[in-house]
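# Inside the fold
As a plain string of letters, each chain reads:
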Amino acid sequence: METQVLMPQLGESVTEGTIAKWLIKPGDTVKKYEPLCEVTTDKVNAEVPSTVEGTVTELVAREGDTLSVGELICYIETRAGGAKAPVAAQPTDTKEIASETPAAESPKANIPLPSKGSVVNSAAKAAGKRYSPAVMRLAQENNIDLAQIGGTGREGRITRKDVLAFIENGGMTTQSAKQPGPINEEEAAMNVVHVESPSQTAPAPSVRPAVSTPEINAYPGDTEIPVNNIRKTIASRMVQSKHDAPHAWTMIEVDMTNLVKLRNSLKAEFKAKEGFNLTFMPFFIKAVVESIKEFPIMNSVWAGDKIIMRKSINVSIAVATDDALFVPVIKDADQKSIYGLARAVDELAAKTRHGKLSMDDMSGGTFTVNNTGSFGSVLSAPIINQPQAAIISMESIVKRPVVVDDMIAIRDMANLCLSLDHRVLDGLVCGRFLQSVKQKLEAYGSHTSIY
Amino acid sequence: MAIISYIDAVTQALREEMQRDKRVFVMGEDVGVRGGVFRATNGLYEEFGEERVIDTPLAESAIAGVAIGAAAYGMRPVAEMQFADFIMPAVNQIVSEAAKMRYRSNNDWHCPLVIRAPYGGGVHGALYHSQSVEAMFNSTPGLKVVAPSTPYDVKGMLKAAIRDDDPVLFFEHKRCYRLIKGEVPETDYTVPIGKAEVKREGEDITVISYGLTLHFALQVAEKLAEEGISAHVLDLRTLYPLDKESIVEAARKTGKVLIIHEDNKEGGVGGEVAAVIAEECLFDLDAPIRRLAGPDVPAMPYSPTLEKFFMLNPDKVMAAMRELAEF
């Protein structure tokens, strides 16, 4: 198991320390309590003892670095295998167990968000009509009938700001975007709805019917999963692609029998020699890239008033983690051998799993290759990775009876699916492109060199 | 302007005041050769000598008593309690003598005394090194109790305290000592005692705090601003006498008030602040006045888990601020 060693609390009121000197180096074996490094603070100088027995794998902090208490300084591999677990260098650490405070847990889980959906409904809930002193005073001073105001507070309570906004708008309820609580455009759009018969003085506001996005509530026992930034990005990119690009879709069958044989003959030796697995992906990418060379329009972008055909062929590959999807990019994929592609795929996949992808790894893609077969799919309709023009997926290779030379044979078959942006591409060129990919995949055989 | 730590602001104020006024001297446990256990008096012994930087026995009652005598005699003593927790043996001297001297002698005598004391937890100091004791002194007319939260205020208010003609208890949050840094002018300036300060302008909720928790509030306000919740943050700075005018003004601004302090909730400064608001501006309130404070248990626990339970942190503060905003 790899243990994280964190900057310990070296004294009351000390919040940071500077690594003065490392006393160990990666590869060293350390005993428990053996000093790892010397740390200076403005109050004390001390040695940081090891919390575990094991082998030092990585020094994260460098000499001269100043780190806050609780920050990572190095990794130590202990005997037992398993996942990483953070351990403060001394039992005094105060930072790491950050997730426990019950107060931090979201008091929202069981509290309805302010003013989603119909205000008529929520205003009714504020039955009993309890108003705060500030609301009562403002209503009296301005001669306002509070029944006309939609509340944005908890359970539809009318807040002081609701009244102020009502006054400011000359007697109309509008919910300003400044209202506390999460507000998105959809909600804002919905919020326009609820003005029911505004005051006598104000001109009748145009009441638009609700764009029917019903309020989605969690039922008892449901789990609410907050949407993190990655999820948000995925969501908006997918919506944008589906919205902007008219997706057309086509599929062909490929006989992979020769490729399967080739890979089977190579994979043990490859693994022993190179240290990672030889998958079908690099063969597939190679065939795709060579076909793009023949049909360069596949490698282009819709730019409003023109189509830009890209010179570099940078292949985005879809890599999924448990809860997100990333599309790191193999730059200049046309200049790589099958081995080079295999290596690039392996590196990018590893980086993705360890969360170490850089912006550079993620940008510049011109065409996307998706290995949906890896999770058993036989048919998929991928969403185009905007602003690219097309995305191809390789489905599972399955043994099927097929007709070869008027005989029935058992062959390793796979489907290739292509989604294309019909603004840029038409069926004909895509069909030719797919035929080219098919020919190349079927032409792999014992003569193929992967280097 | 130099950016210095909270504790360096203490040292700077002491040094400049000692240079300015020969009557100013410091005394306390280990303040001399050692330079203070937190290094607040670092370098003063070397610069001003043992007659003006006096190491005392471990006897807080004596430290306060000697300082009161010196102040009555015309000196400007700055006595240090090594930890605010240790102030208890000196309470009789402070409350019965220092605070009442001017009143009792009908203005014939007064007591220009400063007692500095590091308070507060979050430093794994357990029972006797973590307490917040400010509330105990907040019903003693004749005393001034201050608890600044930024290096700028520390320097300016410590200078103001030393120049004040009456006794001032100067509470320094020890977790802030090295955690909080800020711009501090090298020039001479003072920050008036008895004046709160708006540290952030906002529209939706008013947060009133002091010390370490004020920084939590400011951090959280920054985050909530991204969600469209705008917080108005008032730093009390002086806990006694309270700046009622600023408190009421800040409360009126949004009508929703959250008072935050690390000290126990019951009987804490927050209760008095809430009472001021309830008395002065009920009809501006849009929500019940809320308090977020330490739990009502006897002391800061030693166990790290329990210490975290006891201490406020940005997560707890965020939950309270958001809840009030949504009310």
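No experiment lies behind these values; they were computed from the predicted model shown. (Residues numbered from 1 in each chain as written. Chains lettered and ligands numbered in written order. Predicted model: local features only at pLDDT ≥ 70, side-chain atom pairs only at ≥ 80, totals over all residues.)

### Some points on helix H2 (residues 133-141) of chain A
Residue and element names in this part refer to chain A. The complete set of buried residues in H2 reads Ala134, Val135 and Leu138. In an axial view of H2, the angular spread of the buried residues amounts to 100°, which keeps them on one side of the axis. Contacts made by the buried residues of H2 are with helix H3 (160-168). Asn143 lies just past H2 and shows a positive phi near 55°. (Buried ≥ 20, exposed ≤ 12 C-beta atoms within 10 Å, placed from the backbone. Helix = DSSP H or I, 4+ residues; strand = E, 2+ residues; numbered from the N terminus. Arc of directions from axis to C-beta. Contact = placed C-beta atoms within 7 Å.)

### Concerning unusual backbone geometry
Here the residue pair Gln386 of chain A and Pro387 of chain A is connected by a cis peptide bond, since its omega of 5° sits within 30 degrees of zero. Here Pro387 of chain A shows up in the loop between strand S17 (367-370) and strand S18 (390-394). The linkage connecting Tyr240 of chain B with the following residue, Pro241 of chain B, adopts the cis geometry, with an omega of -5°. With respect to the element layout, Pro241 of chain B can be found in the loop between strand S12 (238-240) and helix H9 (244-254). Despite not being glycine, Asn143 of chain A shows a phi value in the positive range, around 55°.

### Examining the sheet that holds strand S14 (residues 290-294) of chain B
The strands making up a sheet associate through hydrogen bonds between their backbones, and the pairing can be parallel or antiparallel. Residue and element names in this part refer to chain B. Read from one edge of the open sheet, five strands run S9-S11-S10-S13-S14, paired in mixed fashion. The sheet is open, and its two borders are formed by strand S9 (197-200) and S14, each paired with just one other strand. Strand-to-strand twist across the sheet, computed as the mean angle between neighbouring axes with direction ignored, equals 25°. Inspection of the sheet shows strand S10 (residues 205-209) paired to strand S11 (residues 231-235) by five bridges, in the parallel sense. Within the sheet, the bridge partner assigned to Val207 lies in S11 and is Val233. Contacting S9, S10, S11 and strand S13 (257-264), helix H8 (residues 212-226) crosses the sheet at an angle of about 165° to S11. In the packing of H9 onto the sheet, the strands contacted are S9, S10, S11 and S13, and the crossing angle to S10 comes to about 155°. (Pairing = 2+ DSSP bridges. Axes fitted to C-alpha atoms, helices over the stretch in contact; angles between N-to-C directions.)

### A few points about the nonpolar core
Judged by nonpolar contacts, the single largest core of 122 residues is most densely connected at Ile115, Val146, Ala161, Ala217, Leu258, Val317 and Met321 of chain B. For this core, the leading source of residues is H8 of chain B, giving eight residues. (Core = buried A, V, L, I, M, F, W, Y, C linked by C-beta atoms within 7 Å.)

### Details of the pairing of S17 of chain A
Residue and element names in this part refer to chain A. Taking every second residue as pointing to the same face, both faces of S17 are buried, with Phe367 and Val369 on one and Thr368 and Asn370 on the other. Inspection of the sheet shows strand S13 (residues 315-317) paired to S17 by three bridges, in the parallel sense. Opposite Val315, over in S17, you have Phe367 as the bridge partner. As paired elements, S17 and S18 share three bridges and run parallel to each other. Across the sheet, the residue bridging to Val369 is Ile392, located in S18.

### Side note on the sheet that holds strand S7 (residues 168-173) of chain B
Residue and element names in this part refer to chain B. With mixed pairing, the seven strands of this open sheet are ordered in space as S3-S2-S4-S5-S7-S6-S12. Each edge of the open sheet carries a strand with a single partner, namely strand S3 (53-55) and S12. Direction aside, neighbouring strands of the sheet carry axes that sit 20° apart on average. Examined bridge by bridge, strand S6 (residues 144-146) and S12 share two bridges and lie antiparallel to one another. For Val145, the partnering residue across the bridge sits in S12 and is Tyr240. Its contacts with the sheet put helix H3 (residues 60-73) on strand S2 (24-28), strand S4 (76-80) and strand S5 (114-119), and the angle it makes with S4 is roughly 170°.

### Considering the confidence of the model for chain A
All names here are of chain A. Mean pLDDT over chain A stands at 80; residues scoring 70 or higher make up 78%. Across chain A, element-level confidence peaks in S18 with a mean pLDDT of 95 and bottoms out in helix H4 (residues 185-191) with 40. Counting interchain partners and residues more than four positions distant, the pLDDT-below-50 stretch residues 90-128 has 74 contacts. Taken as a whole, residues 174-212 scores under 50 in pLDDT and shows 58 contacts with residues more than four places along the chain or in a different chain. (pLDDT = per-residue confidence, 0-100.)

### Let's talk about the packing of helix H1 (residues 6-20) of chain B against helix H6 (residues 151-163) of chain B
All names here are of chain B. In the contact formed by H1 and H6, the axes pass within 8 Å of each other and the chain directions differ by 30°. Considering the angle they form, H1 stands roughly parallel to H6. Regarding H1 and H6, the two cross each other, and that crossing is right-handed. Together, Tyr6, Ala9, Val10, Gln12, Ala13 and Glu17 of H1 and Pro151, Val154, Lys155, Leu158, Lys159 and Ile162 of H6 make up the contact between the two elements. (Parallel < 35°, antiparallel > 145°, perpendicular 65-115°, else oblique. Left-handed = near helix turned anticlockwise from the far one by under 90°.)

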